[in-house]
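An overview of the molecular structure
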Amino acid sequence: MTAETPTRPRNTQPAAWRHTDILDLDDFDVDEIETVLTLADRMREVLDRRIARVPALRGYTVVNLFYEPSTRTRASFELAGKVLGADVITITTATSSVVKGESLIDTVRTMRAMRADAIVMRHSMAGAAYLAAEHTDASIINAGDGSHAHPTQALLDLYTIRKRVGDLRGKRVVMVGDIAHSRVARSDMWGLTALGAEVVVCGPPTLLPRGLRPGDRPSHAESALPPVIIETEIDRAIEGADVVMALRLQSERQQGGLLPSLHEYSQFYQVTAERLKRAKPHHLLMHPGPKNEGVEIAATVASGSASIIEEQVTNGVAVRMALLYLLSGRTDLPGEETR
Amino acid sequence: MATLAIHNGRVIDPALGRDGIADVVIVDGRIARVGPNEGDMVVEAERIDATGLVVVPGFVDLHTHLREPGFEGKETIRTGTTAAARGGYTTVCAMANTRPPMDSRAAIESVLREAEKSGVVRVLPIGCITRGREGAELAPAGELAGAGVVALSDDGDAVSDPSLMRHALEYATRWSLPVAQHCEDPALVRDGQMHEGWVATRLGLRGRPASAEETFVARDIALAELTGGHLHICHVSTAGSVALIAAAKARGAHVTAEVTPHHLTLTHEEVGFGDDYRSIHYHTNAKVNPPLREEVDIAALRTALRSGIIDAVATDHAPHGQGDKEIEFDLAAPGLTMLETSFALCMKLVHDGDIDLPTLIERMTIGPVRAWGLDIRAGFDGLGTLAPGAPGDVAILDPNAEWTVDPAAFASKGKNTPLAGRMLRGLVVATVFGGALVHDTGRVVAL
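What counts as what
- Residues numbered from 1 in each chain as written.
- Chains lettered and ligands numbered in written order.
- Predicted model: local features only at pLDDT ≥ 70, side-chain atom pairs only at ≥ 80, totals over all residues.
- Helix = DSSP H or I, 4+ residues; strand = E, 2+ residues; numbered from the N terminus.
- Rg over C-alpha atoms; globule rule 2.2 N^0.38 Å.
- Buried ≥ 20, exposed ≤ 12 C-beta atoms within 10 Å, placed from the backbone.
- Contact = placed C-beta atoms within 7 Å.
- Nonpolar A, V, L, I, M, F, W, Y, C, P; charged D, E, K, R; others polar.
- Pairing = 2+ DSSP bridges.
- Axes fitted to C-alpha atoms, helices over the stretch in contact; angles between N-to-C directions.
- Parallel < 35°, antiparallel > 145°, perpendicular 65-115°, else oblique.
- Left-handed = near helix turned anticlockwise from the far one by under 90°.
- pLDDT = per-residue confidence, 0-100.
- Expected span 1.5 Å × (residues − 1).
- Arc of directions from axis to C-beta.
- Core = buried A, V, L, I, M, F, W, Y, C linked by C-beta atoms within 7 Å.
- Domains from an automatic or database assignment.

It is worth spelling out the overall build of chain B at this point. Per the secondary structure count, chain B includes 16 helices and 19 strands. The C-alpha atoms of chain B give a radius of gyration of 21 Å, which matches the 22 Å a tight globule of 447 residues would have. Each of the three principal axes of chain B carries a C-alpha extent, and together these read 65 × 55 × 40 Å. Taking all 447 residues of chain B together, the buried fraction comes to 61%. Counting contacts in chain B only where the partners sit at least 6 residues apart, residues at least 24 apart contribute 75% of the total.

The number of helices and strands found in chain A is 12 helices and 11 strands. For chain A, the C-alpha radius of gyration of 20 Å lies close to 20 Å, the compact-globule estimate for 339 residues. If you line up chain A on its principal axes, its C-alpha atoms span 55 × 45 × 40 Å. By residue count, 47% of the 339 residues in chain A fall in the buried class.

Glancing now at the interface of chain B and chain A. Where the parts come together, the accessible area they lose is often given as the size of the interface. Each partner contributes residues to the interface: chain B has 21 residues there, and chain A has 28 residues. Here the element with the most residues in the side of chain B that touches chain A is helix α7 (residues 198-203) of chain B; it accounts for 4 residues. Among the residues making up the side of chain B that touches chain A, the classes are represented as 8 nonpolar, 6 polar and 7 charged.

Once that is clear, we can look at the sheet that holds strand β2 (residues 61-66) of chain A. Residues and elements named next belong to chain A. Taking strand neighbours across the sheet as the criterion, the 4 strands line up as β3-β2-β4-β5 in an open arrangement whose pairing is parallel. Of all the strands in the sheet, the pair left with one neighbour each is β3 (87-92) and β5 (139-145). Strand-to-strand twist across the sheet, computed as the mean angle between neighbouring axes with direction ignored, equals 15°. Where strand β4 (residues 118-123) and β5 come together, 5 bridges link them in parallel fashion. Along β5, the bridge assignment pairs I119 with I140.

A separate point is the packing of helix α5 (residues 162-172) of chain B against helix α8 (residues 210-227) of chain B. Residue and element names in this part refer to chain B. Close contact between α5 and α8 brings their axes to 9 Å; oriented N to C, the two are set at 45°. As the angle between them shows, α5 and α8 are arranged oblique. Seen along the crossing, α5 lies across α8 with a hand that is right-handed. Every residue of α8 that contacts α5 at P162, M165, R166, L169 and E170 is listed here: R219, D220, L223, A224, L226 and T227. Residue classes in the contact of α5 with α8 are distributed as 6 nonpolar, 1 polar and 4 charged.

All right, on to the confidence of the model for chain A then. Predicted confidence across chain A gives a mean pLDDT of 92, with 92% of residues reaching 70 or more. Counting interchain partners and residues more than four positions distant, the pLDDT-below-50 stretch residues 1-9 of chain A has 12 contacts.

Residue and element names in this part refer to chain B. The first and last C-alpha atoms of helix α3 (residues 105-118) sit 20 Å apart over 14 residues, in line with the 20 Å expected at 1.5 Å per residue. For α3, the complete set of buried residues consists of A107, I108, V111 and A115. Looking down the long axis of α3, one finds its buried residues gathered within 100° of arc, a one-sided arrangement. Across α3 from its buried face, at more than 90 degrees, point the exposed residues A106, R113, E116 and K117.

Another point: the nonpolar core. In globular proteins that are soluble, nonpolar side chains generally tend to be buried together. Grouped together as the largest cluster of nonpolar side chains are 254 residues, with contacts concentrated most on I119(A), V174(A) and L152(B). By residue number, the principal contributor to this core is helix α12 (residues 309-328) of chain A, which donates 11 residues. When residues are assigned to domains, this core turns out to be shared by domain 1 (10-149 + 314-333) and domain 2 (151-309) of chain A, each giving three or more. Those residues in contact with L152(B), other than ones at most four positions away along the chain, are I126(B), G127(B), C128(B), I129(B), A141(B), A168(B), A172(B), L177(B), V179(B) and A180(B).

With that settled, the discussion passes to helix α2 (residues 72-83) of chain A. Residue and element names in this part refer to chain A. Helix length check: α2, at 12 residues, gives a terminal C-alpha distance of 16 Å against a target of 16 Å (1.5 Å per residue), a fit within 8%. Each element contacted by the buried residues of α2 is listed here: α1 (30-47), β2, β3, β4, β5 and α12. Looking one or two residues past α2, G85 carries a phi angle of roughly 80°, positive in sign.

Another point: the packing of helix α5 (residues 151-165) of chain A against helix α6 (residues 183-194) of chain A. Two packed helices can be described by the angle between their axes and the distance between those axes. Residue and element names in this part refer to chain A. Contact pair α5 / α6: the axes reach a minimum separation of 8 Å and the direction vectors enclose 50°. Taken together, the axes of α5 and α6 are oblique relative to one another. When the axes of α5 and α6 are compared, the crossing they make is right-handed. Along its contact with α5, which presents P151, Q153, A154, L155, D157 and L158, the element α6 presents V184, S187, D188, W190, G191 and L192. In terms of residue class, the contact of α5 with α6 is made up of 7 nonpolar, 3 polar and 2 charged.

Written out as structure tokens, the structure reads:
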């Protein structure tokens with residue numbers, strides 16, 4: 001057994017951190033976002049070590065409670081917890097009493113009674129994580145609630161963009177696709193606008209949510225939704241973009257009568273190399289995954305030089321490490337574990 | 001001879017155009033005399049001092065979910081009618097979405113029997129429009145009329161098939177029954193959880209567009225005009241519906257309409273927000289169909305209630321248990337418990353200067369009675385009025401008393417109100433049904 005030199009515990013008491021749950025980015029101040037991004041940098045450093053493991057969350061229990069199938073988000077949280085030495089268990093609907101009709105509140109309370117410290121929840125219904133947070137003192141992390149929010153995805157997007165372009169102020173970030181049903185787009189809008197980016201959302205009229213245009217809501221409620229630019233024509237949207245993000249298109253949208261066909265969608269809204277010529281020369285291309293290549297994004301573009309899709313995935317682990325660590329309330333991040 | 005004399009209140013009886021200080025004398029359960037110092041003429045009476053208070057006919061609710069039979073965990077005829085009495089209501093029309101639903105003589109008679117036994121105020125049953133409320137075949141309107149229903153409704157669901165709705169309106173004319181439609185096109189509101197608009201977008205909830213109501217209001221008005229049937233539009237909630245109803249009435253269509261206290265006072269913001277827009281919640285107690293709408297709708301509804309385009313305030317009292325509401329928003333049952341907050345909530349219109357008190361009282365008493373033709377039906381003589389011979393039903397009100405809503409103190413089993421903890425102005429001080437006190441806050445003084 002070789003003992004690497006332990007790094008002296010560094011005080012990582014965050015400059016600004018007030019959250020006990022992470023439900024969405026709408027209630028994050030800029031300084032809190034900065035706290036996460038700064039810490040994610042250090043976590044990324046841990047993650048890139050030869051032996052990516054530190055005991056920072058030893059004795060901390062994370063339950064992944066997934067009411068909806070997920071591969072990447074679930075794996076990302078599992079890895080994030082394990083790298084930090086937390087105990088992580090994952091419950092999916094197929095393997096739990098959830099299917100027997102136990103209520104969400106009961107399930108969450110049961111998890112807490114088993115001393116879960118954090119519950120990572122994915123659910124098909126908007127607000128499910130809020131309901132859970134009201135009924136437990138375990139930390140709730142919203143890993144996607146219906147069409148509403150996906151704050152950890154948004155934070156990893158912010159981290160990924162920031163690492164590449166630096167200051168987001170004045171940068172044009174364009175999201176293309178099913179804005180109405182996208183929890184990623186909703187959370188990204190809050191985070192990106194908070195950091196000063198110019199956010200453009202683009203999609204067919206049937207996939208744009210109502211009320212997003214400032215004139216669609218009363219003046220007293222102007223702050224109730226993030227300030228974004230709405231486009232239905234992709235070329236205009238992409239014009240001058242620093243970042244272009246394609247969103248996943250669910251095939252149900254066609255059955256729901258929202259789109260004539262996936263083929264027509266790809267004709268008018270697919271992010272292609274040709275269309276990206278209108279973006280800034282050193283633009284970045286993102287996708288929250290899983291991708292439908294040939295539908296919302298051209299295959300060549302997804303694997304092209306501007307694509308930072310895989311980086312998003314790696315950064316996702318680092319950001320989730322940072323979030324678990326912040327929620328744990330622990331204040332020193334030790335160096336590499338001895339082995 | 002049992003006599004009750006209510007002294008010296010401001011008596012408002014819109015049916016007779018009365019508004020002034022007077023005594024109300026009830027003998028053997030019926031109104032005997034109303035006038036200044038009339039109470040002093042009677043001897044051997046039980047006496048109540050209503051000085052400084054407002055005395056009106058007991059309220060009439062066209063839209064109450066009593067839940068019995070079938071959902072006694074949510075409400076019973078006893079708890080629901082107790083809640084009614086506390087809200088100043090002496091007549092409630094019981095909605096048909098019970099289990100079994102009110103689509104047979106036997107079902108109606110069972111409700112009437114239970115109401116006779118345990119009801120605290122008058123219960124008038126509503127029958128189904130379609131058998132089993134399934135929207136496929138007509139329920140036996142003649143049989144239901146014979147059993148005593150005052151209207152037909154599949155409320156909770158709309159009768160979606162236009163041909164069936166046409167025939168329902170047509171058939172019911174034989175018994176002069178209003179067909180009360182819950183106007184929301186199920187295809188347009190499918191899976192919708194709240195009003196479609198910027199709040200729904202913020203919360204990521206699927207919307208129920210205003211147009212889903214308006215297309216059915218327009219369609220059913222056309223069918224009423226085609227058939228000569230009496231269309232009653234339940235819980236009107238949008239400015240667009242108001243315009244359609246106004247135009248229909250101007251053409252002389254047999255269309256009446258009701259509005260709820262909550263649609264007159266609360267917006268869709270109730271669902272998602274507390275004090276500011278920074279953080280959100282998913283307030284299932286503000287989930288209701290049709291959903292709470294926007295300020296412009298409230299303004300139009302208030303104007304329509306004042307002008308009489310909307311005939312009546314109806315509570316749509318919809319009690320639910322905690323398990324129906326402490327749950328994911330998509331799964332939560334729609335509806336608000338309302339009987340006990342109705343008057344106070346409606347008084348906001350008076351305090352805001354949007355309607356005067358006598359007009360509001362009209363819309364809660366004789367307005368609903370006339371809307372459903374109960375004033376010309378046998379057996380309902382004087383209902384909603386203080387005319388001699390009318391039922392001895394009276395509400396005694398303090399329009400200015402402030403109180404804080406505490407659902408735990410409700411008589412209703414349903415604690416599902418978005419108003420918990422809110423200060424309201426307007427109190428039902430006491431309620432008299434058939435000459436007997438059925439609700440008393442202790443603020444009326446026996447003389």
